Every structure is written in C-alpha cells, then in structure tokens.
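# Analysis of the macromolecular model
One letter stands for each residue in the lines below.
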Amino acid sequence: MKKMMLLGLLAMGSFTLNSCNELQQVLANTSQGGSLNVASGLKQALELGVSSGVDLLSKDGGFFKDQAVRILLPEELQKVDKALRSIGLSSLADQGLKVLNQAAESAVSEAKPIFLSAIQNMTFTDAMNILKGDNTAATTYLKNTTSTALASAFAPKVQASLSQVGADKVWENIINKYNQIPFVNPVESNLSQYVTQQAINGLFVKIGDKEKDIRTNVAARTTPLLQSVFGMQDNK
C-alpha cells in the first residue's frame, strides 16, 4: 500500500512538473509573440512616418511652401536678404530662397533606404524604450542612428541640385549685388552644408509630426497592428 501511494505521489509530481513546464512554455511563447508584436508595430509606425515625411518634402514646393520646414537664409546672409528687399530687389531675394529649398526637396529622396535600414536593425529593447518614451521617442531614435549617414547621402545631392537649378549662379549674383551696396561689409557663403543640415532638420520635423499623430490620434492608427501596439501605450 505504501509503495502504491509513493508511486501515486511520484506520478502526481511528474504531472505537476510537466504542467508547470508546459505553462511556462505557453507564457514564454505568448511573451515572445507580444514582443514581436510591439517591435513590428513600432517599425510599421516608423515606416509610415518616414514615407509620409519623405513623400511630402520631396514634392515641388515641399519645403518652400511649408512654413514649418521652409529653409530660410543662414544668419550671416539674412542681412543680404533685408538689404536687397530695401532697395527693391525682393524678387531676387525670393528667387534665392526658392533655389535653396528646391535643393533640399531634391535631396530628401535619398533618406528612405537609410531610414529603412535603421528601422530593420531596431532591437526589442529599442522598441520598448520607444514605446515607453515621449511622443517623439521613435523620431529621436532615428535621429540618433541615421543623422551621420543622412548628411553623407544628402551633401552631394544638395550640391548637385544647387548647381542644376542654378542656385550657385543665383547666389553669386545676389551676393555680388549686395557687395556693391555702399558701406556694407562684403560676405561669402558656401550654402551646401547649411542646406544639407536644414533638409535633415525639416525631415525629422515631419517624421516627428507623424509619430505624434499616431501616438495621440486613434484615427491615425490605420492598421490593426498599430491599433494594438499603441492601444497598449494608451493604457499604460
């Protein structure tokens, strides 16, 4: 009888152990699925933000017609703009601004593959930090991981575009006109690096706007995955 009771207890223990193992496996699989779901949702949100930002800004007038990202003159040339307008050369000043913005519009299309590579390399830890972060945490992640590569990709495109649309000649004419004004201090400016950085800044503004919209506006979560992941954030 004792032997039978011992065998029964051992059998029950074995069943309990196996059940615990199975339960842990189920929980692990569920956790893993949830983790993958979070990472996938954030990647999808970033891809939407990237596509939206690049598509908007690469259109004709994408920078110039948008007050939030329009590229203005660098500080050292703002006095040129004011001086030209004061002597009736507003149209020349406007033309100078337009060509700077056109160069940025031409360059931003280079951003998509760089962004997509950074998104695909996102770890689960990155994803969770982003989910728990502020309304532009994903944009900040992209900024930290892609800014150097973006600058390298944009710079030659901006320079080529400035030459292609005649910006270099326009600005040479503008600066020459300014330098002929009596009693002004002559100026020089290489605009390529400036436009490159302003193009990158404008792109992150648009990506950040899209991220905020997805995080705060349920209607902007246009896929079941986005609804699921950012619904978790709403309830945290």
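Residues numbered from 1 in each chain as written. Predicted model: local features only at pLDDT ≥ 70, side-chain atom pairs only at ≥ 80, totals over all residues. Heavy atoms only, no water.

Glancing now at the overall build of the protein. In terms of regular secondary structure, the protein is built from nine helices and zero strands. Seen in sequence order, the protein has helices and strands lined up from the N terminus as α-α-α-α-α-α-α-α-α. A separation threshold of at least 6 residues defines the contact pool for the protein, and within that pool the share at least 24 residues apart is 83%. Within the structure as shown, the protein displays about 13,300 Å² of accessible surface, and the carbon and sulfur contribution to it stands at 56%. (Helix = DSSP H or I, 4+ residues; strand = E, 2+ residues; numbered from the N terminus. Contact = heavy atoms within 4.5 Å. Areas by Shrake-Rupley, 256 points an atom, 1.4 Å probe, with all protein chains shown as cover.)

What follows is about the packing of aromatic side chains. Taken as a whole, this structure holds one aromatic pair when the rule is applied. On the numbers, 5.8 Å between centres and 70 degrees between planes, the contact of Phe115 with Phe204 is edge-to-face. Here the residue Phe115 occupies a position in helix H4 (residues 111-120), and Phe204 occupies one in helix H8 (residues 192-216), the gap between them amounting to 89 residues. By the burial criterion, Phe115 is buried, and Phe204 matches it. Positioned over the ring face of Phe64 is Arg70, at 4.3 Å from the centre of the ring. (Phe/Tyr/Trp six-rings, centres within 6.5 Å; stacked < 30°, edge-to-face > 60°. Buried < 20%, exposed > 50% of the residue type's maximum accessible area, 1.4 Å probe, protein only. Lys NZ or Arg CZ within 6 Å of the ring centre and 35° of its normal.)

Here the focus is the packing of H4 against helix H6 (residues 137-164). Following both chains from N to C, one finds H4 and H6 inclined at 145 degrees, their axes separated by 9 Å at the closest point. Where H4 crosses over H6, the handedness of that crossing is right-handed. In this structure, H4 uses Ala111, Ile114, Phe115, Ala118 and Ile119 to contact H6, whose residues at the interface are Tyr141, Leu142, Thr145, Thr146, Ala149, Leu150, Ala153 and Phe154. Residue composition of the contact of H4 with H6, by class: 11 nonpolar, two polar and no charged. (Axes fitted to C-alpha atoms, helices over the stretch in contact; angles between N-to-C directions. Left-handed = near helix turned anticlockwise from the far one by under 90°. Nonpolar A, V, L, I, M, F, W, Y, C, P; charged D, E, K, R; others polar.)

Attention now goes to the pattern of salt bridges. Charged atoms that come close allow side chains of opposite charge to pair. Under the criterion given, the structure shown has four salt bridges. The shortest N-O distance in the salt bridge between Arg215 and Glu211 comes to 2.9 Å. A residue pair is termed a helical-turn pair when its members lie 3 or 4 positions apart in one helix, as Arg215 and Glu211 do in helix H8 at four residues. Exposure class is identical for Arg215 and Glu211. Each is buried. (Salt bridge = Lys/Arg side-chain N within 4 Å of Asp/Glu carboxyl O.)

To continue, consider the environment of Tyr194. Summarising the element assignment, Tyr194 is placed in helix H8. Spatially, the C-alpha atom of Tyr194 lies 7.3 Å from that of Pro74, the residues being 120 residues apart in sequence.

Inspection of helix H5 (residues 124-132) places Ala127, Met128, Ile130 and Leu131 among the buried residues, and these make up the whole buried set. Take H5 and look down its axis: the buried residues cluster within an arc of 160 degrees, on one side only. Opposite the buried face of H5, by more than 90 degrees, sit the exposed residues Thr125, Asn129 and Lys132. (Arc of directions from axis to C-beta.)

It is worth spelling out the environment of Asn121 at this point. Looking at the element boundaries, Asn121 is found in the loop between H4 and H5. Assessed through its relative accessible area of 56%, Asn121 is described here as exposed. Residues Asn121 and Lys43 lie 78 residues apart in sequence; the distance between their C-alpha atoms is 9.8 Å. Beyond its immediate chain neighbours, meaning those up to four positions away, Asn121 contacts Asp126 and Tyr141. Reaching out from Asn121, the side chain makes a polar contact with the backbone oxygen of Ser117 at a distance of 3.1 Å. (Polar contact = N/O pair within 3.5 Å; in protein donor to acceptor, adjacent residues only side chain to side chain.)

Here the protein shows a mean pLDDT of 77. Residues at 70 or above account for 80%. For the stretch residues 1-33, pLDDT sits under 50, and the model shows zero contacts to residues farther than four places along the chain or on other chains. (pLDDT = per-residue confidence, 0-100.)

Packing of helix H3 (residues 90-107) against helix H7 (residues 167-179) brings their axes to within 10 Å, and their N-to-C directions diverge by 145 degrees. Relative to H7, H3 is oriented so that their crossing is left-handed. The residues of H7 that touch H3, namely those facing Leu92, Gln95, Gly96, Leu97, Val99 and Leu100, are Ala167, Val170, Trp171, Asn173, Ile174 and Lys177. Residues belonging to the contact of H3 with H7 are distributed by class as follows: eight nonpolar, three polar and one charged.

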